[in-house]
Amino acid sequence: MQEEKPDADLTDSERLARAQEKKDLGNLAYKRADYPTATRYYTHAHSLDPTNPSLLLNRAAARMGSKLFSSALEDCLAAHALQLNDPQVKTLVRTAKCQLALGLVYPALQSLTEAFRLDPANRATATEKARAERVASHVDNILRAREKKDWSMVILGVDAAARDAEANVTPKEWRTWKLEALIGKKRFDDAANLAA
């Protein structure tokens with residue numbers, strides 16, 4: 001059996017071929033829902049072919065599967081930067097999903113508006129845009145309720161926003177709003193549980 005050449009010793013065509021092999025291995029791991037392994041393969045592939053945005057998008061999907069939305073967003077934004085002359089709907093939608101999971105509602109709406117402008121017939125984009133608009137409406141209501149110190153509406157709003165955002169983990173800022181509301185309602189045990 002021949003020993004594999006180190007990456008640094010590869011020709012350009014060998015480097016691209018190895019990047020494709022790593023991507024294929026990453027795809028297999030992703031299909032098995034083994035997101036950490038998929039992330040490692042996509043990372044290796046990206047190191048071999050750093051100008052290929054699809055490798056960043058694949059790694060973003062794997063990181064999203066692991067609920068690592070900040071890292072996934074970084075990958076999406078890097079892929080988008082590589083596509084500035086030819087932005088892709090898939091990149092923008094994936095970016096928006098990460099933004100929404102992190103509570104970045106208005107940037108998510110911007111990403112989806114751009115995606116919708118590129119392909120207004122894309123149903124997935126329209127669905128995501130409608131969802132982001134619902135979450136934005138919840139956030140607007142939360143902010144108004146916080147001003148009025150209407151703590152019950154803040155709690156309901158945060159729960160509704162998290163549900164519509166399909167965030168498995170409520171974004172930090174939203175948890176802070178809920179914590180503030182629980183304290184405002186003198187529900188100290190619930191506040192302590194949320195803070196823990």
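In what follows, the structure referred to is the one given above.
Residues numbered from 1 in each chain as written. Predicted model: local features only at pLDDT ≥ 70, side-chain atom pairs only at ≥ 80, totals over all residues. Heavy atoms only, no water.

A. Spatial organisation of the packing of aromatic side chains. Scanning all chains against the criterion turns up 1 aromatic pair. The residue whose ring lies beneath K129 is F116, and the NZ or CZ to ring-centre distance is 5.6 Å. (Phe/Tyr/Trp six-rings, centres within 6.5 Å; stacked < 30°, edge-to-face > 60°. Lys NZ or Arg CZ within 6 Å of the ring centre and 35° of its normal.)

B. Summary view of the pattern of salt bridges. On inspection of all chains with the given rule, the structure shows 10 salt bridges. The partner of R32 in a salt bridge is D34, with the nearest N and O atoms 3.7 Å apart. A salt bridge links K178 to D159; the nearest nitrogen and oxygen atoms lie 2.6 Å apart. Taken together, the residues span a long stretch of sequence, with K178 in helix α9 (residues 172-184) and D159 in helix α8 (residues 151-165) at a distance of 19 residues. Judged by its relative accessible area of 32%, D159 is partly exposed. (Salt bridge = Lys/Arg side-chain N within 4 Å of Asp/Glu carboxyl O. Helix = DSSP H or I, 4+ residues; strand = E, 2+ residues; numbered from the N terminus. Buried < 20%, exposed > 50% of the residue type's maximum accessible area, 1.4 Å probe, protein only.)

C. Spotlight on helix α7 (residues 123-148). The end-to-end C-alpha distance of α7, which contains 26 residues, comes to 38 Å, matching closely the 38 Å that a straight helix rising 1.5 Å per residue would cover. Taken together, the buried positions of α7 are T125, E128, K129, R131, A132, V135, A136, H138, V139, I142 and A145. Along its buried surface, α7 packs onto α5 (89-101), α6 (105-118), α8 and α9. Two or three places before A124, at the opening of α7, N122 has a side-chain oxygen 3.0 Å from that residue's backbone nitrogen. (Expected span 1.5 Å × (residues − 1). Contact = heavy atoms within 4.5 Å. Polar contact = N/O pair within 3.5 Å; in protein donor to acceptor, adjacent residues only side chain to side chain.)

D. Quick look at helix α4 (residues 69-82). For α4, which comprises 14 residues, the first-to-last C-alpha distance of 20 Å matches the rise-based estimate of 20 Å (1.5 Å per residue) to within 8%. Listed as buried for α4 are F69, A72, L73, D75, C76, A79 and H80. Taken down its axis, α4 places every buried residue within 160° of arc, on the same side. On its buried face, α4 sits against α3 (53-65), α5 and α6. (Arc of directions from axis to C-beta.)

E. Up close: the packing of α5 against α6. Here α5 crosses α6 at 165°, and the two axes come no closer than 8 Å. When the axes of α5 and α6 are compared, the pair comes out roughly antiparallel. In terms of crossing hand, the pair formed by α5 and α6 is left-handed. Every residue of α6 that contacts α5 at V89, L92, V93, T95, A96, Q99 and L100 is listed here: V105, P107, A108, S111, L112, E114, A115 and L118. (Axes fitted to C-alpha atoms, helices over the stretch in contact; angles between N-to-C directions. Parallel < 35°, antiparallel > 145°, perpendicular 65-115°, else oblique. Left-handed = near helix turned anticlockwise from the far one by under 90°.)

F. View of the environment of G103. For G103, the position within the fold is in the loop between α5 and α6. For G103, a relative accessible area of 14% translates into the label buried. Taking the C-alpha atoms as reference points, G103 and V89, separated by 14 residues in sequence, lie 21 Å from one another. Residues contacting G103, with those up to four places away along its chain left out, are P171 and W174.

G. Looking closely at the nonpolar core. Membership of the largest hydrophobic core comes to 28 residues, with the highest contact counts inside it found for L100, V105, V135, V154, W174 and W177. Mapped onto this core, the elements with two or more residues apiece are α5, α6, α7, α8 and α9. Sort the elements by how many residues they give to this core and α8 lands first, with 7 residues. Other than its neighbours up to four places away in sequence, W177 contacts V139, I142, L143, R146, V154 and V158. Residues L57, F69, A72 and L73 belong to the second largest nonpolar core, which totals 11 residues. (Core = buried A, V, L, I, M, F, W, Y, C linked by side-chain atoms within 4.5 Å.)

H. Quick look at the packing of α5 against α7. The interhelical angle for the contact between α5 and α7, taken along N-to-C directions, is 25°, at an axis separation of 11 Å. The orientation of α5 relative to α7 falls into the category roughly parallel. Taken as a pair, α5 and α7 cross one another with a handedness that is left-handed. Along the contact surface, α5 presents V89, V93, K97 and L100, while α7 presents T125, E128, R131, A132 and V135.

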